[in-house]
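# What the coordinates show
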Amino acid sequence: MIIQILVSGLVLGCVYGLIALGYSLIYKASGMLNFTQGDILTLGAFLGYTFYGVFHIPFILTVIIVFIIMLGFGMVLEKGIISKLVAKGTLPIYTVLATIAVSYIIQNGSMLVWGTQSINFPRIFHVTNIKILGVNIQTEAFVCILVSMICMVSLHIFMKHTRFGTSMRAAAMDPLAARSLGINVSLATGLTWGISAAVAALAGMLIGPLYGVYTTLGATIGRKGFASAVMGGYGNMYGAMLGGAILGLVETFTSAYISSSYKDLVAYILLITFLFIKPTGIFNERAIQD
Amino acid sequence: MKKQLSKILALGLSLTMFLTACGAGKTSTKTEETTTGAAVSESTTGTAEVGEIFVIGNPQPLTGVNAQVGESANMAAELAVKVINKEGGFNGVPIKLVNYDDQGSPEEAVKIANKMIQVDKVDAILGSLTSSNVLAAGGIYNEARIPTIGTGNSPTWMQQGWEYVFRAGLNTALSMPHVTEKMLSLNVKKVAVFRGLDDAAKTSAETFIEEAKKAGIEVTTIESYTEGDTDFSGQVAKMINSKPDAVFCSTNGPTQAIFAKQLRQLGFNNLCFNREGIPVDTINVAGDAVNNWVFAYPYVVYSSIEEAKDPEMKEFLELYFQAYGVMPFHDCAYRSWDAMMVFWEASKIAGSNDKEAIKDAISKIKDFKSLGGMLDFTDGTREGLHTLNDYIIIDGKYLDFNEWLKAGNISKLAE
């Protein structure tokens, strides 16, 4: 049973981690907070269901299509709202509020298009379960862990070891200096938001077959993803995943061995503890103090 | 180019916000006028002047997670208005529904209640299907002496002693002794409970626990969840470790399907009992995981008219399908229809549309055939429904649980 709980906690943690990756990426590359991540996950799940479940487009193709759509969505969000507010010289808090407003628009918009009932996201794999360490794990859950790891490593490599990733970080640190060096700051920032949205949508498509798809699917996950990013070290890719894993495991083990009533209490006390004792997170990312 | 792009984006956003604001408009089929928050619509068939119309206030959730359920309830209520007015209304007076979107929020329910009484001068109230909203607004209706038929299932609002507030649907508190009786007959001695924290889910679970204790059934563990959670493996692990013979589940919305999947995934294959009917969308999402789930409920949601055996139900489904081209999405449609029929019957018994007379007449209704079974309000509890049917889900279909037991299927389950 303990292995089963461990795996469930890890799956949950990986979903939180994928969302946390988006928060971290945006903060790392543009110094902003984006609270639409959870609802973008929902939108991704709905789009995935539409292409895969309704139009019967192969899953891999569905992932590519939704990834591209959400990449565009994230860029449009940044260009159409965030950068406009920044250009007006509004306080950073207003951009955060704008992202909260957008999250409600996505939630209500999804309600209008797909309705309020739970929708069954068809299974991705023919093999229902795979056996790891003697316990049955739903194939989609295992893939979820695998994809999260791949995303974490690739995003880290992209940000740290590619020219474009370096440009993105430079654009976030000092836009003026970056511009003077010939970096396209606008494109770099837009792309960051796009990638974050695409990763969140990917998470939505992965958890769709596990949980079904409904309009509030990403609401709680979004909040927990934020907490994960803070715990891991806001702005750090590995920290995002580790924070997610810790939060997922803490929640699951608290439910199993203490009480389900204390699950959220313990999780958020952990977040507050990190904010007070180690605001730079496990990976000592200095983003919070910037 | 940049200016054009921002104009397009602004237009797109405005359109989305407009559509969001009009969410209630889409969910109510005959909405003529809607506003955000308290979405209002009126519908009547007939041409009587104001003052010659019997006005029924109908607050239901038309936005939010229960929007589709509220829409289904409203469609049935509108259909009832059409049928009743065609037959001459209440004692020759046409009836009219004033629809409001209570957003499933008690705060909104109170605001709407005051508006319906002071501005719309309603003669009766139908709903809400959200029990916590009836609990919040019921006292206001009662004080204004307006006959009300709530359509939520929770026992709490009927425990307040409001003499003007009635129910024509199921009180889950009444079904709990039935469920524990059924468990005893199946030799269930230990049960684990999984419950939500909203009023309906919590109260049903508490009533069940009380009844289980009375019946000598041991409650091995009580696990809860927060709305929006997607992982219940911790709770499930604890429940399975407590080695129950069965699981009792008191949840709402999408949680049910996810919980059922994780419960089966972690290896619990025995019978599970649900506090109320399991809707079709839950079955679609949960698939095989809701096999062997049992519930005691007056009705189930049918996918086709042919599935229904009861003539009253068949007739209602035919009318509904004829009017809207779809089957009712949720049993809340049945509840609203039955409530409207009770008002109609009361107006006939009273022979007048006076609020006091209607209220007194509801208490006299006996042996009245509804979609949920025979209604009897004469015992003074203001509850009309006292009978239940037992169902089990097998391969996505609702089967008669007692027939299933008679066929000896329980021994196959044990194997």
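Throughout this description, residue numbers start from 1 for each chain and increase along the sequence as written. By the order in which they are written, chains take letters starting at A while ligands take numbers starting at 1. Only residues with pLDDT of at least 70 get local features here, since the model is predicted, and only at 80 or more are side-chain atom pairs given and counted; chain-wide, interface and lining totals rely on the full set of residues. Each side-chain value is worked out from all heavy atoms of the structure, with water and hydrogens disregarded.

What follows is about the nonpolar core. Residues and elements named next belong to chain B. We define the nonpolar core as a collection of buried residues of types Ala, Val, Leu, Ile, Met, Phe, Trp, Tyr and Cys that are connected through side-chain atoms lying within 4.5 Å of one another. Each residue gets one of three labels from its accessible area relative to the maximum for its type: buried under 20%, exposed over 50%, partly exposed in between, using a 1.4 Å probe on protein chains only. Ranked by internal contacts, the top residues of the largest apolar core, which has 194 residues, are Phe 208, Phe 259, Phe 316 and Met 340. Counting contributing residues, this core receives three or more from each of domain 1 (2-170 + 314-375) and domain 2 (173-297 + 389-414). We call two residues in contact when some of their heavy atoms are within 4.5 Å. Once residues within four sequence positions are removed from consideration, Phe 316 is found in contact with Ala 76, Leu 79, Pro 328, Ala 333, Tyr 334, Trp 337 and Leu 371. Ile 53, Ile 112, Val 122 and Tyr 141 belong to the second largest nonpolar core, which has 13 residues in total. By convention here, the domain bounds are inherited from an automatic or database domain assignment.

Attention shifts here to the packing of helix α2 (residues 37-54) of chain A against helix α4 (residues 92-114) of chain A. Residue and element names in this part refer to chain A. In this analysis, axes come from line fits to C-alpha atoms, helices being fitted only over the stretch in contact, and the angle between any two N-to-C directions falls in the range 0 to 180 degrees. By the criteria applied, helices consist of DSSP H or I runs no shorter than four residues and strands consist of E runs no shorter than two, each listed in order from the N terminus. Where α2 contacts α4, the two axes come as close as 9 Å, and the packing angle between them is 25°. Between α2 and α4, the angle falls in the class roughly parallel. Once α2 is placed against α4, the crossing between them reads as left-handed. Residues Asp 39, Ile 40, Leu 43, Phe 46, Leu 47, Tyr 49 and Thr 50 of α2 form the contact with α4, whose own contacting residues are Ser 103, Ile 106, Gln 107, Ser 110 and Trp 114. When residues are grouped by polarity, Ala, Val, Leu, Ile, Met, Phe, Trp, Tyr, Cys and Pro land in nonpolar, Asp, Glu, Lys and Arg in charged, and all others, Gly among them, in polar. Class assignment of the residues belonging to the contact of α2 with α4 gives a composition of seven nonpolar, four polar and one charged. In this scheme, roughly parallel covers angles under 35 degrees and roughly antiparallel covers those over 145, while 65 to 115 is roughly perpendicular and the rest are oblique. The handedness criterion is simple: a crossing whose near helix is rotated anticlockwise from the far helix by less than a right angle is left-handed, and one whose near helix is rotated clockwise is right-handed.

Moving on: the interface of chain B and chain A. Listed as interface residues are 38 residues of chain B and, on the opposing side, 42 residues of chain A. Summed over both partners, the accessible area lost on bringing two parts together, with a 1.4 Å probe, is the buried area. Interface area, chain B with chain A, both sides summed: about 3,300 Å², of which 58% is carbon and sulfur. Area buried by chain B at its contact with chain A is led by Thr 230, Gln 265 and Val 285 of chain B, which between them contribute 16% of it. Whenever a carboxyl oxygen of Asp or Glu lies within 4 Å of a side-chain nitrogen of Lys or Arg, that contact is scored as a salt bridge. Taken together, the links from chain B to chain A amount to one salt bridge. Salt-bridge contacts for Asp 229 of chain B lead to Lys 263 of chain A; the nearest nitrogen and oxygen are separated by 2.5 Å. Any pair of nitrogen or oxygen atoms within 3.5 Å is treated as a polar contact; in protein, a donor-acceptor pairing is required on top of that, and neighbouring residues in sequence qualify only through side-chain atoms on both sides. Applying the counting rule to chain B against chain A returns eleven residue pairs in polar contact (both at pLDDT 80 or more). The class makeup of the residues in the side of chain B that touches chain A is 13 nonpolar, 17 polar and eight charged.

With that settled, the discussion passes to the domain arrangement of chain B. All names here are of chain B. Here chain B is described as being made up of domain 1 (2-170 + 314-375) and domain 2 (173-297 + 389-414). Contacts between domain 1 and domain 2 engage twelve residues on the former and eleven residues on the latter. Across the interface of domain 1 and domain 2, roughly 860 Å² is buried in total on both sides, 62% from carbon and sulfur atoms. A per-residue breakdown of the area domain 1 buries against domain 2 is headed by Asn 153, Pro 155 and Leu 170, which together make up 47% of the total. The interface formed by domain 1 and domain 2 includes zero salt bridges. At the junction of domain 1 and domain 2, the tally comes to four residue pairs in polar contact (both at pLDDT 80 or more).

To continue, consider the packing of aromatic side chains. Only the six-membered ring of Trp is used, alongside the rings of Phe and Tyr, when aromatic pairs are assigned; centres must lie within 6.5 Å, and planes under 30 degrees apart are stacked while those over 60 apart are edge-to-face, with the rest tilted. For the structure on display, the rule yields 31 aromatic pairs over all chains. Ring centres of Tyr 23 of chain A and Phe 226 of chain A lie 5.5 Å apart, and the angle between their planes is 70°; on these two criteria the pair is classed as edge-to-face. Of the two residues, Tyr 23 of chain A sits in helix α1 (residues 2-30) while Phe 226 of chain A sits in helix α9 (residues 217-232), which places them 203 residues apart along the sequence. Relative accessible area serves as the criterion here: at 2%, Tyr 23 of chain A is assigned to the buried category. Consider the rings of Phe 316 of chain B and Trp 337 of chain B, whose centres lie 4.9 Å apart with planes at 50°: the pair is tilted. Taken together, the residues Phe 316 of chain B in helix α11 (residues 311-324) and Trp 337 of chain B in helix α12 (residues 332-350) connect sequence positions 21 residues apart.

On to the pattern of salt bridges. Inspection of the entire model under this criterion finds 19 salt bridges over all chains. The partner of Asp 310 of chain B in a salt bridge is Lys 369 of chain B, and the shortest N-O contact between them spans 3.1 Å. On the criterion of sequence distance, the pair formed by Asp 310 of chain B in the loop between β11 (293-297) and α11 and Lys 369 of chain B in strand β12 (residues 368-370) is long-range, its members being 59 residues apart. Here the salt bridges do not stand alone but share partners, grouping Lys 224, Glu 251, Lys 263 and Asp 264 of chain A together with Asp 229 of chain B into one network.

Moving on, we get to empty space enclosed by the protein. Definitions used throughout: a 1 Å grid over protein atoms alone; a cavity as a set of points that fits a 1.4 Å probe which cannot get out; a pocket as an open set with protein on both sides within 12 Å along at least five of seven lines; a lining residue as one with an atom within 4 Å of a point. Grid points are joined across faces, edges and corners, and a volume is the space filled by probe spheres set on the points. The final tally for this structure, using the stated rule, is six cavities of 30 Å³ or more. Empty space within the largest cavity amounts to approximately 220 Å³. Looking at the largest cavity, it is lined by 16 residues, and the ones nearest its centre are Gln 138, Ala 141 and Leu 210 of chain A together with Gln 262 and Gln 265 of chain B. Among the elements of the structure, α1, β2 (135-138) and α8 (185-211) of chain A together with α9 (255-265) of chain B are those that each provide at least two residues to the lining of the largest cavity. Of all the elements, α1 of chain A adds the most residues to the lining of the largest cavity, at four residues. Of the volumes computed, that of the second largest cavity is approximately 80 Å³.

Think of pLDDT as the predictor's per-residue confidence, scored from 0 to 100. Overall, the predicted model of chain A reaches an average pLDDT of 88, with 98% of residues at or above 70. α2 of chain A holds the highest mean pLDDT among the elements of chain A, 95, whereas β2 of chain A holds the lowest, 76.

As a further point, take the pairing of strand β9 (residues 246-250) of chain B. One face of the sheet, then the other: side chains in a regular strand alternate in exactly this way. Residues and elements named next belong to chain B. Counting buried positions along β9 yields five of five residues, so the element is predominantly enclosed. Pairs of strands are assigned from DSSP output, requiring at least two bridges between the strands. Across five bridges, strand β7 (residues 190-195) lies against β9 in parallel orientation. Bridged to Val 193 within β9 is Phe 248. At this point the chain moves from β9, through α9, to the parallel strand β10 (residues 272-274), and the crossover so formed is right-handed. With strands facing away from the observer, any crossover in which the path from the first strand over the helix to the second runs clockwise is taken as right-handed.

Attention now goes to the sheet that holds strand β14 (residues 389-394) of chain B. Backbone hydrogen bonds are what pair the strands of a sheet, in a parallel or an antiparallel way. Residues and elements named next belong to chain B. The seven strands are arranged β8-β7-β9-β10-β11-β14-β15 in an open sheet whose pairing can be described as mixed. Each of the sheet's edge strands pairs with one partner strand only, and the pair in question is β8 (218-224) and β15 (397-400). Adjacent strand axes in the sheet meet at a mean angle of 25° when their direction is disregarded. Sheet topology places β11 next to β14; five bridges connect them, and they run antiparallel.

For the rest of this paragraph, the subject is the environment of Gly 253 of chain B. Residues and elements named next belong to chain B. If you trace the backbone, Gly 253 turns up in the loop between β9 and α9. With a relative accessible area of 47%, Gly 253 lands in the partly exposed category. Remark: the alpha-carbon pair of Gly 253 and Ile 84, spanning 169 residues in sequence, is separated by 32 Å.

What follows is about a negative patch on the surface. All names here are of chain B. Any residue with relative accessible area above 30% and no salt bridge may belong to a patch, with like charges joined within 9 Å and the nonpolar Val, Leu, Ile, Met, Phe, Trp and Tyr side chains within 5 Å. Only the protein chains shown count as covering a residue, and every accessible area follows the Shrake-Rupley method with a 1.4 Å probe. Under this rule, positive means Lys or Arg and negative means Asp or Glu; His and the chain ends count for nothing. A charged residue contributes its charge at one atom only: NZ of Lys, CZ of Arg, CG of Asp or CD of Glu. Among the surface-exposed residues, Glu 306, Glu 307, Glu 312, Glu 315 and Glu 318 lie close enough to one another that they form a single negatively charged patch. With respect to the helices and strands, Glu 318 occurs in helix α11. Assessed through its relative accessible area of 42%, Glu 318 is described here as partly exposed.

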